[in-house]
Structure formats: structure tokens, C-alpha cells
Amino acid sequence: MGVQEALTELETRMFQFLFKYPGPVFTKGRLVLLSAWPAWLLPVLIVAASGGLALLFRWRLGHSETKLSGLRVGAIWATQSALLALLLLLLWQPAVIVGELGSHQNIIAIVVDDSRSMGIADSEGKTREAAAIAALDGGVLTGLQQRFQTRIYRLGREITPVDSPDGIAPGDIATHIDRGLEQLARETGDLPVGAILLLSDGSENSTGLGGSEIGADALHRLKERRLPVHTVGFGMPEHAHDVEIEDVSLPASAVANARIATTVTLVQHGYAGQKTTLTVRDGDKAITQRDISLAPDGRLESEPLFFPAGSAGAKSLTFTVGPLPGEESLANNAITRPFLVSDAKRRILYIEGEPRWEYKFIRRAEDNDPTIEIVSMLRTSENKIYRQGISNPAELAQGFPVRAEDLFGYAGIIIGSVAADYFTPLQQQLLREYVDRRGGGILFLGGRSSLSDGGWGASSLNALLPTFLPSGNHNFRRNPAVVELTAAGMDSPVTRLLDDPQKNAERWRKLAYLADYEDAGSPKPGATELVDLHAGHRTLPLLVTESYGSGRTAILATGGTWRWQMSEALGDPAHDLFWQQLLRWLVAESPGPVSASIPVRLLMDEGDVQITAQVRDRTFQPATDAHVSVHILGPQGVDALVELRPSETTPGQYQAEWTAEKPGAYLAEVSAETADGQSQELGRDLVTFQRENGVAENFHTEQNRHLLEQLASETGGRYWNPSELGNLPRDISYSEAGISVRTIKELWNMPIFLLFLLGLATADWLLRRKWGVV
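Numbers given to residues run from 1 along each chain, matching the order in which its sequence is written. In keeping with the model being predicted, local features are shown solely for residues with a pLDDT of at least 70 and side-chain atom pairs are shown and tallied solely at 80 or more, while totals for entire chains, interfaces and linings include all residues. Side-chain metrics rest on all non-hydrogen atoms present in the structure, leaving aside hydrogens and water.

Undergrad: Which residues make up the overall build of the protein, and what values go with them?
TA: On a plain count of helices and strands, the protein comes out with 17 helices and 41 strands. We compute the radius of gyration over the C-alpha atoms and compare it with the globule rule, which gives 2.2 Å times the number of residues raised to the power 0.38. Taking 28 Å as the expected radius of gyration for a compact globule of 774 residues, we find that the protein reaches 37 Å, considerably beyond that expectation. Expressed as lengths along the three principal axes of its C-alpha atoms, the size of the protein is roughly 110 × 80 × 60 Å. Going through the 774 residues of the protein one by one, you find that 50% of them count as buried. The secondary structure listing takes helices from DSSP runs of H or I that are at least 4 residues long and strands from runs of E that are at least 2 residues long, numbered from the N terminus. A 1.4 Å probe rolled over the protein chains alone gives each residue an accessible area, and that area as a share of the maximum for its type sets the label: buried under 20%, exposed over 50%, partly exposed in between.

Undergrad: Which residues make up the sheet that holds strand β15 (residues 301-308), and what values do they have?
TA: Taken in spatial order, the three strands line up as β10-β12-β15 in an open sheet, and their pairing is antiparallel. Lying at the two open borders of the sheet, with one neighbouring strand each, are β10 (242-249) and β15. This sheet shows a mean twist of 30° between the axes of neighbouring strands, independent of strand direction. Any two strands with at least two DSSP-identified bridges between them are counted as paired. Here the axes come from fitting lines to C-alpha atoms, over the contacting stretch only for helices, and the angles between their N-to-C directions go from 0 to 180 degrees.

Undergrad: An account of the packing of aromatic side chains is needed here, citing residue identities and associated values.
TA: Two descriptors summarise a pair of aromatic rings, namely the distance from one centre to the other and the angle between the planes of the rings. Only the six-membered ring of Trp is used, alongside the rings of Phe and Tyr, when aromatic pairs are assigned; centres must lie within 6.5 Å, and planes under 30 degrees apart are stacked while those over 60 apart are edge-to-face, with the rest tilted. Under the definition given, this model contains 19 aromatic pairs. Note on W357 and F361: the rings are 6.3 Å apart at their centroids and 55° apart in plane angle, and the pair reads as tilted. Here W357 pairs with F361, and both are found in helix α8 (residues 357-367), just four residues apart, close to one helical turn. A residue is classified by how much of its surface remains accessible, and W357, at 48% relative accessible area, is partly exposed. Ring geometry for F408 versus Y434: centroids 6.0 Å apart, planes at 55°, classification tilted. Residue F408 is found in the loop between α9 (404-407) and β21 (412-415), and its partner Y434 is found in helix α10 (residues 425-436); the two are separated by 26 residues along the sequence. The residues F408 and Y434 share a single accessibility class, namely buried. Ring pairs connect the aromatic residues F400, Y422, F423, F444 and W456, which therefore count as one cluster. In our convention, an over-ring charge means Lys NZ or Arg CZ found within 6 Å of a ring centre and within 35 degrees of that ring's normal. One Lys or Arg, K524, reaches over the ring of F468 and ends 5.7 Å from the middle of that ring. Residue placement shows R718 over the ring face of W720; its charged tip is 3.7 Å from the ring centre.

Undergrad: Break down the nonpolar core for me, citing the residues and quoting the values.
TA: Among soluble globular proteins, nonpolar side chains are generally buried collectively. Counting residues in hydrophobic clusters, the biggest one holds 40 residues, and the most contacted among them are L443, W508, L556, F578, W579 and L582. Here this core gets eight residues from one element, more than from any other, and that element is helix α14 (residues 574-588). With residues up to four places along the chain from it excluded, the contact list for L443 reads I413, I414, I415, A554, I555, L556, W579, L582, L583 and L586. By convention a nonpolar core is built from buried Ala, Val, Leu, Ile, Met, Phe, Trp, Tyr and Cys residues, the set being connected through side-chain atoms within 4.5 Å. Here, residues are in contact when the closest pair of their heavy atoms is within 4.5 Å.

Undergrad: So what about the packing of helix α6 (residues 177-187) against helix α7 (residues 216-224)? Which residues, and what values?
TA: Orientation of α6 relative to α7, taken along the N-to-C sense of each, is 30°, at an axis distance of 9 Å. With respect to their mutual orientation, α6 and α7 come out roughly parallel. Of the two possible hands of crossing, α6 and α7 adopt the one that is left-handed. Counted together, D178, L181, E182, A185 and R186 of α6 and D217, A218, R221 and L222 of α7 form the full contact between these two elements. When its residues are assigned to classes, the contact of α6 with α7 shows four nonpolar, no polar and five charged. The scheme is simple: roughly parallel for angles under 35 degrees, roughly antiparallel for over 145, roughly perpendicular for 65 to 115, oblique for anything else. Helix crossings get a hand from a simple test, with the near helix turned counterclockwise from the far one by less than a right angle marking a left-handed crossing and a clockwise turn marking a right-handed one. Just so you know the grouping, Ala, Val, Leu, Ile, Met, Phe, Trp, Tyr, Cys and Pro go in nonpolar, Asp, Glu, Lys and Arg go in charged, and all remaining residues, Gly too, go in polar.

Undergrad: Can you break down the pairing of strand β6 (residues 149-155) residue by residue, with the values?
TA: As defined by bridge partners, strand β3 (residues 107-113) adjoins β6 across seven bridges and the pair is classed as parallel. Within the sheet, the bridge partner assigned to I108 lies in β6 and is T150. In this structure, β6 lies alongside strand β7 (residues 159-162), joined through four bridges in antiparallel fashion. Counted as the bridge partner of I152 is V162 from β7. Between the end of β6 and the start of β7, which pair antiparallel, lie three residues.

Undergrad: Could you give me a rundown of the side chain of D172, with the residues and numbers involved?
TA: Inspection of the secondary structure puts D172 in the loop between β7 and α6. Residue classification places D172 among the buried positions, given a relative accessible area of 16%. Contacts described as polar in this section are N or O atom pairs within 3.5 Å, which, within protein, must combine one atom able to donate a hydrogen with one able to accept it, while residues neighboring in sequence count only if both atoms come from side chains. Among the polar contacts made by the side chain of D172, one reaches the side chain of R157 at a distance of 2.9 Å. Residues within four places of D172 in sequence aside, it is in contact with D114, S115, R116, G156, R157 and E697.

Undergrad: Can you explain the pattern of salt bridges? Please cite residues and give values.
TA: A side-chain nitrogen of Lys or Arg and a carboxyl oxygen of Asp or Glu constitute a salt bridge if their distance falls within 4 Å. Applying the stated criterion across every chain yields a total of 33 salt bridges. Between D201 and R128 there is a salt bridge, and its shortest N-O distance comes to 2.9 Å. On the criterion of sequence distance, the pair formed by D201 in the loop between β8 (193-200) and α7 and R128 in helix α5 (residues 128-147) is long-range, its members being 73 residues apart. Like R128, D201 is buried. Each of E484, E506, R509 and K510 takes part in a single network of salt bridges with overlapping partners.

Undergrad: Would you mind going over unusual backbone geometry in detail, with residue names and values included?
TA: Backbone geometry at Q636 places phi at a positive 55°, although glycine is not the residue there. By the element assignment, Q636 lies in the loop between β34 (626-633) and β35 (639-643). Using a relative accessible area of 64% as the deciding quantity, one classes Q636 as exposed. Located in the positive-phi region is H700, a residue other than glycine, with phi close to 50°. Summarising the element assignment, H700 is placed in the loop between β39 (681-692) and α15 (705-715).

Undergrad: Can you lay out the sheet that holds strand β11 (residues 253-255) for me, pointing to particular residues and giving the numbers?
TA: Adjacent strands of a sheet form backbone hydrogen bonds with each other and so pair up, either parallel or antiparallel. Taken in spatial order, the five strands make up an open sheet running β11-β17-β16-β13-β14, and their pairing is mixed. Looking along the sheet, the strands with just one partner apiece sit at the ends: β11 and β14 (285-293). Here the average twist between neighbouring strands, direction ignored, is 25°. Two elements, strand β13 (residues 275-282) and strand β16 (residues 313-321), share five bridges in a ladder whose sense is antiparallel.

Below, the structure written as C-alpha cells:
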């Protein structure tokens, strides 16, 4: 027995000597007074006795030659009052009523975790599973069998009864503690189960990587049956030398060749300050990598990564942190995420109020972007419009759209130097609904007739703007101004010209000066200022973005970014790259008529997946009478067609449940058509997801003591260290589950009371003797 175990045993024995009963009697019992006298009389007598002592002291000190200070008098009075209060309490016969399991009438369910993480050898070459079996064979199982009936279960993905612990081996690919306990409580509903003993490292995979909570359903069922769960934890609380990826924040999809911003969260122990490499791979091909310095031990660190989305298709990206010497586990150094890249063209409507260089250079920048198509209308004179990029002669022939089905077909809108009153009240209403309901994006450019100079601050569209515009209409300036990234701009994929943040910020500072700008005012709460401009002694926002309703809006308060192309070296990509990234951001989250989604794209050890589709008509109103289906392709020839049913609560929403039986990547195409007999297609959308088996057990392999303690606390059990199990067979009997009886434990003769009586009497005598009032 080690020093810690000896101290624990000594503390337990000392507690029971002083208080007569083990701790669970007091934590689970209810205090009562056995005397026939009414309980309310006890505090009355205590107060009366204390008051009588106070009066007695006052009378005696008034007729005594000994003079005591108020503090000394108070000390003697407090000691004697406490002595009288304790004597009165003992006269009322205090006791504890506690539920106790009947001997040999109840079942103790012994649950042993047999998942793969229990096969880890933490110390002395012994695995956690071996330590759990040794704990049972070391007297716990025999002690329980002397008092109760026992049933033994193995717990992995599900819970299964076994004849003895000897046949349990750590090989299951997942641990579902909450589901297993819920199943146990449900299947033993007609049996007198008095308590559950769980031996585990606390690994819980029901919620994906590193689940840290027990599900509410499992806790509810256990509490409903008053089943206490006593947990025994195995495994080290933390690794001595290990680096682990905790999570990767990656969008579900992107357009081809887009620049993707992702965040890798990791934690390490034993390698603080050392350097390693983060790498993103698509199959065997490395897309990007970055050297990082590791944070202090145990601290979560988030590392940003930027990489090109590449060509269209469903991909499986692997994020890897380089191995370091002496790592205890390399299986947690990599995480895989499904990712969908689309080559569908997004059409942007660009309306410009006057011929200017900015118009030409924006269109030229997007000529090299295969994912963006600009449809433009340039007002060349009062009643003339020059159209470019139209799909047919009728498009925009009557000017700016006046019908929702025409305007909502664009994924984004750019409004150049155009006054607000150019748009009719109906068109202004459509623009508001375009962002708020349709979920589109609008970019406002600076110019002679833009923003405050174009009357936008006083228009009904003012709410769409991400800034509070300044007053007046003389805020457009044809003066030079230089640009600089803000802190938010340094982290934004919109303004990422170079991967290195510091080099990127320096590149922005070296861009050619702007020849015009407009005062855009101050950003609204919730808006993000990405780029500032410096004009003389003034610093003004240049690029500001904001989420609004279901969509997004932005202001670029200049018409002069074309100088970045004309003034830089031939072939410099800064201007074109900025505009491509800005317009991809503008349309990135603009949904189509059919939007498919999956709550969890990475399925850990189980294949149940819910596919949801939001279906809208051409005006982006919910389509409540559509016929919606999903075509699923998967590994090893999986090919399924599933019908989606309408949601009972959300108009236009359709749902289906499906099970991915085989591990691997899946591609699901959701299609919707009208159900009015004409079968007109409303739209399609693609989603991808992936099932992985046995991966979750590689992460968070240290003991999850928090989960085990929470489970025990919530159900009325106790968390035990393996070294403390000597008293478990006795303490586990205090339970109100199964067949239990309420027993009365008298407290008046506890040794602690006797010690208090002797201590108070002795203290009173010593104080009075010292101060001469014996």
C-alpha cells in the first residue's frame, strides 16, 4: 500500500471512529429528532438558556470585585452557551434516517468499459482494463457478492451482459456511456437493481470527438429510478508528452479555387514552446503547411490556416500536426473533414451610375474567375443603359428588376455610384427583401452619387448599410489616401493577399494610393471594419462588412482601387485577387432555391444521419407542396434514393433519416420539383458527409474525470479512485433504489459529541481559572 492509499485509509477510519457511521449515512440520510418533545421547543430553550446565562453573568459581575473586559465575558458566555446547547440537542435524541439496500435482495450492476482506450498502458505496463479487472478481483467483487446479487456487463458501443470480468477485453471501437446506462436502466426496469458500479476512463464518443457530458435522457432515466452510479476512474489525468488536434473549423462547402480560411484547435503537454508543422492534405497531396510554436501545457491554441479550395468535387481533407519526439500517441495528430467544392457559377448584378475606371477593372478582374459571372448595367446617359454579361436579350431590358423572381436569381448585387432615389419604392423594398429574406449579399461602392452623397442615409435602405453615414452630401473626396489593414482585416480571407499575416499587412501598406474616397461614417454595432484609409490626419473606414437578416452587406468607400492594377508592376495579382476574394465572400452564403444541410458531417462509429432541405420557389417563399428526394452515393457501390417528408413545424422544410452502414465518404444530391402535375424543377443542392469507425477512441485518451464525477454527482453516487475501493461494498448499500428499507441511525452517542462536551467544559474551566472567576 502506497503513502496516499495509507493516508486515505487512515482518514476513512478516523471519520468513522469520530462519527460512528460512514460518510454516505450523512450525505444521503435525513436528520431527525427522536424525542417526543416538539422540535420547535429546542431552539426556544437554547435561546432562553443563552439569555439566562447572559443575565446571570451581568448580575454576578455587578456584585463581584473581579473586573473582566467585554471580550472575556463574551468568550466565557459563548463557551457555556455552546455547552448548554449541545446538551439540549442530545436530550432531543438526534438521528439520521437513511435508505439502505436489503441484504441479498438487490442487484448491483457492475459495468466495465471495454472500449479501445481502456487498452492504453498508463504505468507499470498495465493497461487500464487490466487495472479495472484487478480492482474487481482484489476484493471488490467478493465484497459485493457477500452482500448482494451481482450482474456484470461490458460497455462499448452498447452494453452487453457477461458471465465474469475475465472475458472482457479492450477492443470495442467506441464508448457510449450515456446510451449504455440508459439501455441498462430501461432493460432492468422490472429488476431490483440497487446501484450501478461503472469502471471506466470516462471516454464518451456519443457526441463525437471528446464528448464531455452525459446526455439528459440517460440522466433522466437514472434519476427516475433513483439509481446511483458509482464511478471508478482509470487512466492518467493528462499525458506527459502528447500533441492532440481538438477540432477543425471548416466550412461545409466552397466554390472552386476559392481561398479557404480555417482554424485548427490543438492542445499539448510536454512540448511548450517547441515548433511543429500544420499540414492540410487532399489525399496524398499537401495543399498547404505552416510552422507553429506550441502554447504552454494544457492551453488550447487556435491556429489559422488559408488554402485554395482547388477544383470542384467532394473531398476528404486531412489536417495533421507533425509528430514530436517521445509522443505517447500519434493517432490523435490528424483529423479528417469532408469538404465539397462547387464549380457552379454565381451571377452578380452590378449596377453602375456613370462610366468610370472602377467598372472596367472590376469586370476585368472577374474575367479570370470561373466561379463568378458579372451581369452589369451601366447608365451611360439619363435614359440609356449599357448591358454586359446578359444571358438573353430580355435580361435587364427594362432596367433594374421590379419582380422578386427576376432580382432573386442573382447571388449578389454591386451598387456603384447610384443615388438612392434612382430606385423606385418597389425596387427599394425588393432590395431589402433580397438581403433579409432571400439571403443575398449587397456591396455598396463609393462615388459621386454613392452613400451619403447619394441620399442613402435618408432612404428606406439605410438599415442595410453597415455604417452610420455622416450628414450632408459633400463627403466624396478626390484626394490621395493610403490603406491599412485593421486587426480584423489581418485575419480575414477577404483581404488575404499573402499567407503570412505580417507580410500581408505590409503588402497592403505598400499598395498604390487611392485617388478618391468617401467618408463612410462609423461602423454599426456588429459590423466588422477590415480596411482603413488614411487621408491627411484623418483615418476613415474603407471596407466594412456586416451580416443583415439572412444575408450580408458591405461598403467599399472608394471608386479608385483600379489604381492598384495600373500602378503596380505588370502581372501583380493584388488587385484581381482582392476583388475575386471580396465577390466570392459576397455570394458565398447566398442560398439557392434548395438548401440542403446535415447537422453532423462527420459520423463517428454510427451511421444515423438526418438530411434537411429548405425548399423555396422563384420568389424565395417556402414551397410547401414540393416533391423532394435525395440521391445518395457512397463507398463500395452504395446507391440510394430517399424521399424527404415535409416538416410539421417549418413551412418549406423537408427531412429524411438515413443510415450510412459503411465507413467512407458519401455524396448526397437533394432535388425538388413542383407537385402540381407539371413537375417543374425548383432546384438542386449537394452535401457531403463521412463515416469513420474507431477514430473517436484515439482522442481525449486521458481520464475524463469531469464526466465520471458529474455522472456520480448527478445520480447520487460517488467517484472513487482505484486505491479507495476497500469500503465500496459497504458504502454502496446506502441507496433508495431497488428493495431498500429506511433505517434509523442514532447520533447522540457519537464520540465526536463526547469530545465536544469534554472540550467545551474544559475550555470553560480553563478560561475562568485564568481570569480569576472560578
